[in-house]
Amino acid sequence: MRLPPGVSSRDFSDALKQFEAAIGKDWVFTSDEDVNLYRDSYSPFWHEEEEPIPSAAVAPDGVEQVQKIAQIASAYKIPLWTISTGKNLGYGGSAPLLGGSVVLDLKRMDRVLEVNDKNHYALVEPGVSYFDLYKYVHDRGLKVWIDPPDPGWGSLVGNALERGGGYTPMRDHFDCHCGMEVVLANGEVVRTGMGALPNSKTWQQYKYGFGPYVDGIFSQSNLGIVTKMGFWLFPEPEAYIAGNVVVSKHDDLFALVEIFANLINSGVVQATTNVVSPLAYGPPDPELAALRASGSTKDLDEYAARKNVGYWSVNLPFYGPADVVAAQWEYAKRKFSVIPGARFEERASYRFPLDAEQLAKIVNPVPFGVPSLQTFSIGGPRSQGHMWFSPIIPMTGEAVLEAQKVFDQVARNLGLSTGSVGGFPIWSFFARAFVIIYFFPIEHDVEKNRRNREIFRRLVKTSAEHGWGEYRTHTAFMGDIMDAYSFNDHALLRLHETMKDALDPNGILSPGKNGIWPKGMRKARA
Amino acid sequence: MRSAKAALLFLCSLTIPATALAAPDASQVERGHKVYDKWCFPCHGTGSGKPGTASLAARGQKPAVLEERTDLTAPAIKTFVRHGVLFMPMFRKTEISDAELDAVCAYLTRNNKPQ
């Protein structure tokens with residue numbers, strides 16, 4: 001049996017017996033067969049000693065059981081790695097960052113506690129997936145939409161805590177949460193916002209409550225175990241239009257993004273979309289790569305004219321009353337018309353609710369509040385998994401071009417095709433800034449994975465040099481990225497550590513998560 | 001190793017004569033159908049946007065929709081679910097219990113014919 005680091009065999013054995021007494025023998029997993037199911041299916045460490053494998057897993061069925069587990073773990077100083085549905089594939093899945101941790105698996109806590117379609121909110125436990133909540137809403141004919149991220153089997157709680165994004169106007173999942181219940185490392189239960197008021201009638205309707213707003217310290221962190229979370233839902237809209245804007249020249253990007261940012265920041269466009277270059281569709285083209293390397297805008301424009309697909313395009317989704325979305329699209333077209341030669345096409349138009357036949361024809365229903373697993377086609381039919389490199393960059397044409405240039409150069413330095421790196425889409429999952437979501441394949445090949453980890457770390461450093469930081473990452477790189485957020489001698493990390501020491505003095509909660517280690521495991525910083 | 005082992009077992013599953021098949025228990029099949037709809041259909045079902053079905057089709061597996069197969073065996077199904085294959089992850093017992101997995105096996109082998 002594997003042991004948690006620093007825990008004796010005898011203490012671990014005693015703790016496991018106490019876990020069994022607290023939650024039942026069936027829900028304490030210790031055999032290799034059961035514990036190996038918690039490995040990261042998309043681990044960048046396949047077949048390597050470095051792969052962090054847990055020592056055991058415990059699966060409580062309620063907040064009282066979570067409290068008992070925290071108390072037992074504190075007494076024996078056993079590291080717990082908390083997961084919700086464990087489907088954070090691409091960012092670590094269900095595996096801990098620290099090998100030997102006991103996984104605290106909250107999947108059994110899968111109750112939808114309330115959905116209100118008059119004030120448009122839900123209260124759920126961590127094991128509730130987007131599929132689960134969609135079914136609950138659909139079965140009851142409630143007039144609200146959920147906002148799934150790309151993979152629908154993830155947890156609403158887990159995704160929001162990782163600050164994930166979706167596609168509808170409720171796309172910023174942490175921003176759309178309202179109220180939490182949290183078990184602290186000592187087993188105490190705290191409710192945030194209006195939940196702190198006994199008999200509160202507005203826990204899911206007013207975020208802030210009274211006093212300091214603490215919800216943020218439980219996201220991307222290891223300061224508590226979130227056992228309930230409220231979410232604002234989107235009232236079922238009447239209509240949807242997807243408009244597409246295509247511009248023909250390289251330098252049209254500056255005006256395109258400036259107008260786009262104005263539309264986003266003024267609320268005309270309220271949903272996730274992306275800026276892409278249609279030239280990047282299809283297999284990498286050595287001619288395009290060479291032209292990019294040369295930096296000749298004139299040659300690039302001539303290449304784009306020859307291909308006749310446009311140089312840049314942006315898709316504009318509008319949700320709301322039918323006459324309003326039509327007016328928003330007309331307004332957007334008027335704004336983009338200042339770019340000479342801008343072309344417009346209406347790609348889709350729907351009235352809601354969609355019937356089953358309409359829905360079946362939509363390859364990716366996620367932007368319509370319907371969860372799916374379609375995104376797993378991304379690596380092709382023989383893909384063995386993936387992970388994501390995802391820096392935040394400014395919402396300007398200059399930043400997009402700089403990012404393209406920088407990542408193209410990194411790719412060339414590493415002997416990679418620039419077509420793949422340069423072709424990344426630029427997303428608007430969050431207000432005011434773009435996020436690049438760059439795909440890294442995971443393979444069951446030690447050398448390829450080592451090389452990809454090296455490239456990943458190079459990209460983190462290069463991004464930091466340009467002032468771009470990642471919004472989220474795989475467990476394997478959490479330390480690298482937190483290291484990059486180093487203003488004033490890592491003052492932010494030191495603040496996190498101060499809170500960690502105060503709230504979790506025994507260091508039991510998810511050691512190493514987002515680069516935050518308990519005192520006893522903290523490496524001396526240079 | 002994970003995918004190689006799964007693939008090997010899968011190949012074996014196609015060559016194991018399905019003799020001595022007991023008649024499927026209707027309630028177990030029905031239970032398995034429900035578990036399948038919850039956990040398997042979103043990836044392996046019919047219709048667009050099903051990456052498991054698309055992957056099997058691209059790799060020449062016929063039929064690509066698991067529910068239409070008559071040659072799957074319980075050991076192969078269990079290996080895929082508990083070990084994963086290619087981009088399909090492994091599933092924990094808090095997601096699909098052993099009893100639920102038995103039911104899925106009953107459902108996906110319900111149409112198998114003795115060889």
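Residues numbered from 1 in each chain as written. Chains lettered and ligands numbered in written order. Predicted model: local features only at pLDDT ≥ 70, side-chain atom pairs only at ≥ 80, totals over all residues.

What about the domain arrangement of chain A?
All names here are of chain A. According to the domain assignment, chain A consists of domain 1 (9-105), domain 2 (112-235), domain 3 (239-472) and domain 4 (478-521). Spacing between the C-alpha centres of domain 2 and domain 4 amounts to 25 Å. The interface is formed by eight residues belonging to domain 2 together with 12 residues belonging to domain 4. Across the side of domain 2 that touches domain 4, the residue classes break down as five nonpolar, three polar and no charged. (Domains from an automatic or database assignment. Contact = placed C-beta atoms within 7 Å. Nonpolar A, V, L, I, M, F, W, Y, C, P; charged D, E, K, R; others polar.)

Here's the deal with the packing of helix H7 (residues 286-294) of chain A against helix H8 (residues 297-307) of chain A
Relative placement of two packed helices is described by the angle separating their axes and the distance separating the axes. All names here are of chain A. Two elements in contact, H7 and H8, have axes whose closest approach is 8 Å; the angle formed by their N-to-C orientations is 155°. What the angle tells us is that H7 and H8 run roughly antiparallel. Pair H7 / H8 crosses with left-handed handedness. Facing H7, whose interface residues are Glu-287, Leu-288, Leu-291 and Ser-294, H8 presents Asp-299, Leu-300 and Tyr-303. By residue class, the composition of the contact of H7 with H8 is four nonpolar, one polar and two charged. (Axes fitted to C-alpha atoms, helices over the stretch in contact; angles between N-to-C directions. Helix = DSSP H or I, 4+ residues; strand = E, 2+ residues; numbered from the N terminus. Parallel < 35°, antiparallel > 145°, perpendicular 65-115°, else oblique. Left-handed = near helix turned anticlockwise from the far one by under 90°.)

Some words on unusual backbone geometry
Look at the link from A:Phe352 to A:Pro353: it is a cis peptide, with omega at 0°. Mapping A:Pro353 onto the fold places it in the loop between strand S15 (343-351) and helix H10 (356-360). With omega at -15°, the peptide bond leading from B:Lys62 into B:Pro63 counts as cis. In this structure, A:His47 takes a positive phi of about 65° despite not being glycine. Within the secondary structure, A:His47 sits in the loop between helix H2 (32-35) and strand S2 (56-58). For A:His47, a count of 12 C-beta atoms within 10 Å gives the class exposed. Phi is positive for A:Asn199, which is not a glycine, with a value near 65°. Relative to the helices and strands, A:Asn199 is located in the loop between strand S9 (189-191) and strand S10 (225-232). Look at A:Asn199 and you get exposed, because 4 C-beta atoms sit within 10 Å. (Buried ≥ 20, exposed ≤ 12 C-beta atoms within 10 Å, placed from the backbone.)

Some details on the environment of B:Trp39
All names here are of chain B. You can see Trp-39 is positioned in helix H2 (residues 26-39). Considering only alpha carbons, one finds Trp-39 and Val-104, 65 residues apart in sequence, at a separation of 9.7 Å. Residues in contact with Trp-39, not counting those within four places in the same chain, are Glu-95 and Ile-96.

Here's the deal with the sheet that holds strand S5 (residues 112-116) of chain A
Residue and element names in this part refer to chain A. Read across the open sheet, the five strands follow the order S5-S6-S10-S8-S9; overall the sheet is antiparallel. Taken across any chain shown, the strands that pair with only one partner, and hence form the sheet edges, are S5 and S9. Shown here is a sheet whose adjacent strand axes are inclined to one another by a mean of 10°, direction ignored. With five bridges connecting them, strand S8 (residues 177-183) and S10 associate as antiparallel partners. Bridging from a neighbouring strand, Met-180 pairs with Met-229 of S10. Packing against the sheet, helix H3 (residues 63-76) makes contact with S8, S9 and S10, and its axis sits at approximately 50° to S8. (Pairing = 2+ DSSP bridges.)

Concerning the packing of helix H5 (residues 74-83) of chain B against helix H6 (residues 98-108) of chain B
All names here are of chain B. Look at H5 against H6: their axes get within 9 Å of each other, and the N-to-C directions meet at 130°. Considering the angle they form, H5 stands oblique to H6. Where H5 crosses over H6, the handedness of that crossing is right-handed. From H5, Ala-74, Ile-77, Lys-78 and Val-81 reach across to H6, where they touch Leu-101, Val-104, Cys-105 and Leu-108. Partitioning the contact of H5 with H6 into residue classes produces seven nonpolar, no polar and one charged.

As for the interface of chain A and chain B
Counting from both sides, the interface comprises 30 residues of chain A and, opposite them, 23 residues of chain B. For the side of chain A that touches chain B, the per-class residue count stands at 10 nonpolar, 15 polar and five charged.

Description of the nonpolar core
Formed by 90 residues in total, the largest nonpolar core has its most connected members in A:Ala57, A:Val58, A:Ile69, A:Leu104, A:Leu156, A:Leu233 and B:Val104. The element best represented in this core is H6(B), accounting for seven residues. Ignoring sequence-local partners within four residues, the contact set of A:Val58 consists of A:Phe19, A:Ile23, A:Trp27, A:Val28, A:Ile69, A:Val102, A:Leu104 and A:Asp105. A:Leu288, A:Tyr311, A:Trp329 and A:Ile392 belong to the second-largest nonpolar core, a separate cluster that totals 46 residues. (Core = buried A, V, L, I, M, F, W, Y, C linked by C-beta atoms within 7 Å.)

Section: the sheet that holds strand S19 (residues 433-436) of chain A
The strands making up a sheet are joined through hydrogen bonds of the backbone, oriented either antiparallel or parallel. All names here are of chain A. Taken in spatial order, the eight strands of this open sheet run S15-S12-S14-S13-S18-S19-S17-S21, and their pairing is antiparallel. The open sheet has two edge strands with one neighbour each: S15 and strand S21 (469-470). Here strand S13 (residues 274-276) pairs with strand S18 (residues 426-427) via two bridges, running antiparallel. Opposite Asn-274, over in S18, you have Trp-427 as the bridge partner. Packed on one face of the sheet, helix H9 (residues 322-336) meets strand S12 (239-247), strand S14 (312-320) and S15 and runs near 10° to S12. Its contacts with the sheet place helix H11 (residues 397-413) against S13, strand S17 (391-394), S18 and S19, and it is angled at close to 135° to S17.

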